[in-house]
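# Structural features, examined
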Amino acid sequence: MENIFDIQTEQDFLTASLKTFRYQYENVEIYRRFVDYLNINLDEIDSLTKIPFLPIEMFKNHQILDKNVTTDLFFQSSGTTQMNLSKHFIADVNIYEKSICKSFEQFIGKPEDFIFLGLLPSYLEKQNSSLIYMVDYLMKKSAKPENGYFLYNHEDLFELLNTLKDKKVILFGVSFALLDFLDFCDLNSKTLKFSDSLTIIETGGMKGRKEEMTKDELLKILQEGFKTHKIYSEYSMTELLSQAYSLGENIYECPNWMKIMVRNAEDPFNYEKEGRTGAINIIDLANVHSCSFIATQDLGKTIGNKFQVLGRIDHSDIRGCSLLVS
């Protein structure tokens, strides 16, 4: 498990996953109780499809943590005060930081090459956000003096973006905040004078602040408004320590230590064929000290070794990183 970031082949991934399953069965009490409840013969688990996936809702009511470690650090999902929010306890933050850096380098580039800006008001206004920790870490690696966050000060963001128009800039933004910024520009007849050196990474989430739209509609609006075809997306959540990225067309790719599997939405022990819609299961081997096998409430489909996210299962809670309904 110490070598998850060196995984190269499907066999490497399978070997690491089976080893992680057995370790977490022995050392993560809630996961062991869940597996035992299913009355599964452990000796028969020899493939990814036979591994039990813990329902993501368990993070709301239980501490999912390796019995061999203690920690006070946790990430918490965003939401209203009426919601029971998920908590993901982090035993080794170095694993998260390594996952952040390696996946970013695999899909985007070296953090040191970019200026990072954050338009993430709903996350900055809450504590213990894994997304804010990630962007903070990338800013630290970048060490550019222009790095910084914005809440609702759209005028300041507009002026800074135009000042940086000849530099490589990444703007992380929650969906509704990016749209609010473009509305501000439109209402005030402001035009961004940017080249393709600007990259937008939207993190999802309307939070009831904007009319729902498909992800494709959102990406088109952002392309036209920011005058760049580099409208990327990041897919992760509080319960994960890894990120998948889409470099356009709403199609995501995982780093080598993460995998998406699509289960039948009504039968969690059966899996859909490529191209068929179902519920998303995630293997995140960076979750060494919690649970690497998570059954989410997101809907999607696989496309070769990539995947697409299509929305949420009906009646599931609104998530902080909820995806736009297709």
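Computed from a predicted structure; not experimentally measured.

## A word on the overall build of the protein
Scanning the protein for helices and strands turns up nine helices and 14 strands. In terms of overall dimensions, the protein has C-alpha extents of about 65 × 40 × 35 Å along its principal axes. Scored against the burial criterion, the 326 residues of the protein give a buried share of 54%. Contacts spanning at least 24 positions in sequence make up 67% of the contacts within the protein whose residues lie at least 6 apart. Summed over all atoms, the accessible surface of the protein reaches about 14,900 Å², with 46% contributed by carbon and sulfur. Of note, the protein has its 35 positive side-chain charges centred 2 Å away from the centre of its 47 negative side-chain charges.

## Some points on empty space enclosed by the protein
Taken as a whole and judged by the stated rule, the model has three cavities of 30 Å³ or more. Of the pockets and cavities examined, the second largest cavity occupies roughly 70 Å³. Grouping the amino acids of the lining of the second largest cavity by side-chain chemistry returns seven nonpolar, four polar and one charged.

## Some details on the packing of helix α8 (residues 175–187) against helix α9 (residues 215–226)
Following both chains from N to C, one finds α8 and α9 inclined at 40°, their axes separated by 10 Å at the closest point. With respect to their mutual orientation, α8 and α9 come out oblique. Of the two possible hands of crossing, α8 and α9 adopt the one that is left-handed. Contacts from S175, L178, L179, F181 and L182 of α8 reach α9 at L218, I221, L222, G225 and F226. In the contact of α8 with α9, the residues fall into eight nonpolar, two polar and no charged.

## Structural notes on the side chain of D298
Looking at the secondary structure, you find D298 in strand β13 (residues 293–303). Side-chain polar atoms of D298 contact the side chain of R312, separated by 2.7 Å.

## Some remarks on the packing of helix α1 (residues 10–27) against helix α2 (residues 29–37)
If you want to describe how two helices pack, look at the angle between their axes and the distance between the axes. At a minimum axis distance of 6 Å, the contact between α1 and α2 shows a crossing angle of 100°. Classified by the angle between their axes, α1 and α2 sit roughly perpendicular to one another. In this structure, α1 uses F21, Q24, Y25, E26 and N27 to contact α2, whose residues at the interface are E29, Y31, R32, V35 and D36. When grouped by side-chain class, the residues that make up the contact of α1 with α2 number four nonpolar, two polar and four charged.

## Brief notes about the packing of aromatic side chains
Any aromatic ring pair is given by two values, namely how distant the centres are and how the planes are angled relative to each other. All told, the structure shown has 21 aromatic pairs when counted by the stated rule. Ring centres of F53 and F293 lie 6.0 Å apart, and the angle between their planes is 90°; this geometry places the pair in the edge-to-face category. Residue F53 is located in the loop between α2 and β1 (54–55), and its partner F293 is located in strand β13; the two are separated by 240 residues in the primary sequence. Residue classification places F53 among the buried positions, given a relative accessible area of 8%. F293 sits in the buried class, given a relative accessible area of 0%.

## Overview of the layout of surface pockets
In this structure, the largest pocket encloses a volume near 500 Å³. Around the largest pocket, the lining comprises 24 residues; the ones closest to its centre are E10, K259, I260, G304 and N305. Elements supplying a minimum of two residues to the lining of the largest pocket: α1, β11 (258–263) and β14 (306–312). For the lining of the largest pocket, the element with the highest residue contribution is β11, accounting for five residues. Its residues assigned to classes, the lining of the largest pocket comprises ten nonpolar, seven polar and seven charged. The calculated volume of the second largest pocket comes to roughly 310 Å³. If you trace the second largest pocket, you find 21 residues lining it, with L38, P52, F53, P268 and F269 closest to the centre. If you tally residues by element for the lining of the second largest pocket, the top one is β13, at three residues. Class assignment of the residues belonging to the lining of the second largest pocket gives a composition of twelve nonpolar, five polar and four charged.

What counts, and at which threshold
- Residues numbered from 1 in each chain as written.
- Predicted model: local features only at pLDDT ≥ 70, side-chain atom pairs only at ≥ 80, totals over all residues.
- Heavy atoms only, no water.
- Helix = DSSP H or I, 4+ residues; strand = E, 2+ residues; numbered from the N terminus.
- Buried < 20%, exposed > 50% of the residue type's maximum accessible area, 1.4 Å probe, protein only.
- Contact = heavy atoms within 4.5 Å.
- Areas by Shrake-Rupley, 256 points an atom, 1.4 Å probe, with all protein chains shown as cover.
- Lys, Arg positive; Asp, Glu negative; His and termini not counted.
- Charge placed at Lys NZ, Arg CZ, Asp CG, Glu CD.
- 1 Å grid on protein atoms, 1.4 Å probe; cavity = no way out; pocket = protein on both sides within 12 Å on 5 of 7 lines; lining within 4 Å.
- Points joined across faces, edges and corners; volume = space filled by probe spheres on them.
- Nonpolar A, V, L, I, M, F, W, Y, C, P; charged D, E, K, R; others polar.
- Axes fitted to C-alpha atoms, helices over the stretch in contact; angles between N-to-C directions.
- Parallel < 35°, antiparallel > 145°, perpendicular 65-115°, else oblique.
- Left-handed = near helix turned anticlockwise from the far one by under 90°.
- Polar contact = N/O pair within 3.5 Å; in protein donor to acceptor, adjacent residues only side chain to side chain.
- Phe/Tyr/Trp six-rings, centres within 6.5 Å; stacked < 30°, edge-to-face > 60°.

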